[in-house]
Amino acid sequence: MEKREMLYEGKAKKVYATDNADVLLVDYKDDATAFNGLKKGTITGKGAINNRVTNFMMQMLEKEGVPTHFVKELSERETLVKRVSIVPLEVIIRNISAGSFAKRYGVEEGIVFNEPTIEFSYKNDDLGDPLINSYHALALGIATKEDIATITLLAFKVNQVMKEFFKNVGVDLVDFKLEFGKTSDGTIVLADEISPDTCRFWDSKTHEKLDKDRFRRDLGNVEDAYQEMMKRILG
């Protein structure tokens, strides 16, 4: 498949057209950002790790009945995906209190919830991705009731599958962010990525952070944490 013009460059990826109108090429970068782009840096090798980890997770989720945008891994940094129109909702599933949840509600990090929680934020960098509920999403016309129901169902399914998987490799899945998109026929599929950039991973025994929080919080050993997660996930 032929790589054509670049359509979009985001914080972590470049997206290219191909000679197939329904398929795009994603190229993962080593650039790292946090706090809506206020903090910038580089995590060496991150692009290759996130690409390979995402593709592994997407294929695993497909087998469990979660439709995704994954088509084919081309190289350690490049992957073919279905062209989707992204639903501008960031979906956050939380199993343990951490990050903005702990800060927002004044609770300590590390509280294991009886039930996972879900929250939505409006995917809009200029507004700082504000939290919204399903009624706001309907009012803004960014999703239908059916879209939200489908996305919620799929997000909890993803959590169920991933929590089990990570438990088996000695990692607690604290929380994670998902994005969904619609294919040309209107099917909702899981899109974007699943990686140490978009998930909080804690070592089950030591509670050591193995994700982007090491970059956000200047904890050091960021590259090592990403490598460690790739090793555990890909074996």
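Within each chain, residues carry numbers counting from 1 in the order of the written sequence. Thresholds applied to this predicted model are a pLDDT of at least 70 for local features of residues and 80 or more for the giving and counting of side-chain atom pairs; totals over whole chains, interfaces and linings are not thresholded and use all residues. Calculation of side-chain values draws on the structure's entire complement of heavy atoms; hydrogens and water are dropped beforehand.

1. Examining helix α6 (residues 222-234)
Link 1 in the chain: Here a strand is any run of E in DSSP of at least two residues, a helix any run of H or I of at least four, and the numbering for each starts at the N terminus. Multiplying 1.5 Å by the residue count of a helix minus one yields the expected span of that helix. Across its 13 residues, α6 extends 18 Å between first and last C-alpha, which sits within 8% of the 18 Å expected from 1.5 Å per residue.
Link 2 in the chain: Within the span of α6, buried status applies to V222, A225, Y226, M229, M230 and I233. The arc that holds the buried residues of α6, viewed along the axis, is 135°, so those residues lie on one side.
Link 3 in the chain: Contacts were defined at the residue level, with two residues in contact if any of their heavy atoms lie within 4.5 Å. The inward-facing, buried residues of α6 abut α1 (46-63), α4 (145-168), β12 (171-182), β14 (199-203) and α5 (213-216).
Link 4 in the chain: Once α6 finishes, G235 follows within two positions and takes phi at roughly 70°, a positive value. For each residue, the accessible area found with a 1.4 Å probe, counting protein chains only, is set against the maximum for its type, and the residue is called buried under 20%, exposed over 50%, and partly exposed in between. The arc refers to the directions leading from the helix axis to the C-beta atoms.

2. Overview of the pattern of salt bridges
Link 1 in the chain: We count a salt bridge whenever a side-chain nitrogen from Lys or Arg sits within 4 Å of a carboxyl oxygen from Asp or Glu. According to the stated counting rule, one finds 26 salt bridges in the structure shown.
Link 2 in the chain: With a closest N to O distance of 2.8 Å, K29 and E9 form a salt bridge. One end of the pair, K29, is in the loop between β3 (23-28) and β4 (31-34); the other, E9, is in strand β1 (residues 3-9), and 20 residues separate them in sequence.
Link 3 in the chain: Given the relative accessible area of 11%, K29 is considered buried.
Link 4 in the chain: Overlapping salt bridges bring together R94, R104, E109, E119, D175, R200, D213, R216 and R217 as one network.

3. Some details on the environment of E90
Link 1 in the chain: With respect to the helices and strands, the residue E90 is situated in strand β9 (residues 89-96).
Link 2 in the chain: A sequence separation of 38 residues divides E90 from R52, and the C-alpha atoms of the two residues are 22 Å apart.
Link 3 in the chain: Excluding residues that lie within four positions of it along the chain, E90 makes contacts with E119, F120, S121, K123, D129, K177, L178 and E179.

4. What to know about the sheet that holds β1
Link 1 in the chain: Here, strands pair whenever DSSP counts at least two bridges between them. Overall, antiparallel pairing links the five strands, which are arranged β1-β2-β3-β7-β6 in an open sheet. The sheet terminates laterally at β1 and β6 (70-73), the two strands that pair on one side only. In this sheet, adjacent strand axes meet at a mean angle of 30° when their direction is disregarded.
Link 2 in the chain: Examined bridge by bridge, β3 and strand β7 (residues 78-82) share five bridges and lie antiparallel to one another. Looking at the pairing, D27 lines up with E78 of β7. Think of each axis as a best-fit line through the C-alpha atoms, taken over the contacting stretch in the case of a helix, with angles from 0 to 180 degrees between the N-to-C directions.

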